[in-house]
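Secondary and tertiary structure notes
The lines below spell out each chain.
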Amino acid sequence: MIRTGIGYDSHRFAEGRRFVLGGVEIPSDVGLLGHSDADALIHALIDALLGAVAAGDIGQHFPDSDPTWKDADSRKLLATVVSELEAGRWRVVNVDATVVAERPKLAPFIVRMRESLATILHVEVSRVSVKAKTNEGMDAVGHREGIAVWAVATVESPPEGNAPQDF
Ligand code: MG
């Protein structure tokens, strides 16, 4: 059985915050505002993975009203979701994401983001795609108010006879 999910996330820029994307800290004169480390790429991926198995969304699993997740390293949240998927006999087939940001320049960091995510997802780097583009100056993202990320994830269950468990 193969299933696909979609995820989306956005975070505003904020002074005095780190800019972390795909688990990689990127040098930037402006960071991202959020309850956790504001890693919008990982958050979108988490929603895509949860969506693939109809298991709700990141806000239900890691509520931002819970102080546990204050400034949380989003890699740990993603690792938690991956272990829960694996416990339910699901494994990641591939993921793909598009980051939309006018700044900072992300191209030099794409490979590191893919490697970082592949390690957490327990897949080869060739199954992890991260793309970056600008919004051509249009709308809030184009006006440099923040960034947005779309992601899709495909997961599969083992061969017949080993039915996946509900998440
Ligand atoms: Mg988020």
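Before reading further, recall that the structure is shown in the block above.
In what follows, the accompanying structure is described. (Residues numbered from 1 in each chain as written. Predicted model: local features only at pLDDT ≥ 70, side-chain atom pairs only at ≥ 80, totals over all residues. Heavy atoms only, no water.)

**Digging into the coordination of the magnesium ion**
Note on the magnesium ion: its protein donors are Asp9 (OD), His11 (NE2) and His43 (ND1). The metal-donor distances range over 2.1 to 2.2 Å. Read N to C, the donor residues that coordinate the magnesium ion are spaced as D-x1-H-x31-H. One exposure class covers both Asp9 and His11, and it is buried. (Donors = N, O, S within 2.8 Å, 3.2 Å for Na, K, Ca; no water. Buried < 20%, exposed > 50% of the residue type's maximum accessible area, 1.4 Å probe, protein only.)

**Details of the pattern of salt bridges**
If you walk through the whole model with that rule in mind, you get seven salt bridges. Of the charged contacts, one joins Glu25 and Arg18 as a salt bridge, the two residues approaching to 2.9 Å between their closest N and O atoms. Note on Arg18: relative accessible area 46%, which makes it partly exposed. Of the charged contacts, one joins Arg127 and Glu124 as a salt bridge, the two residues approaching to 3.2 Å between their closest N and O atoms. Among the charged side chains, a salt-bridge network with shared partners connects Arg17, Lys70 and Asp71. (Salt bridge = Lys/Arg side-chain N within 4 Å of Asp/Glu carboxyl O.)

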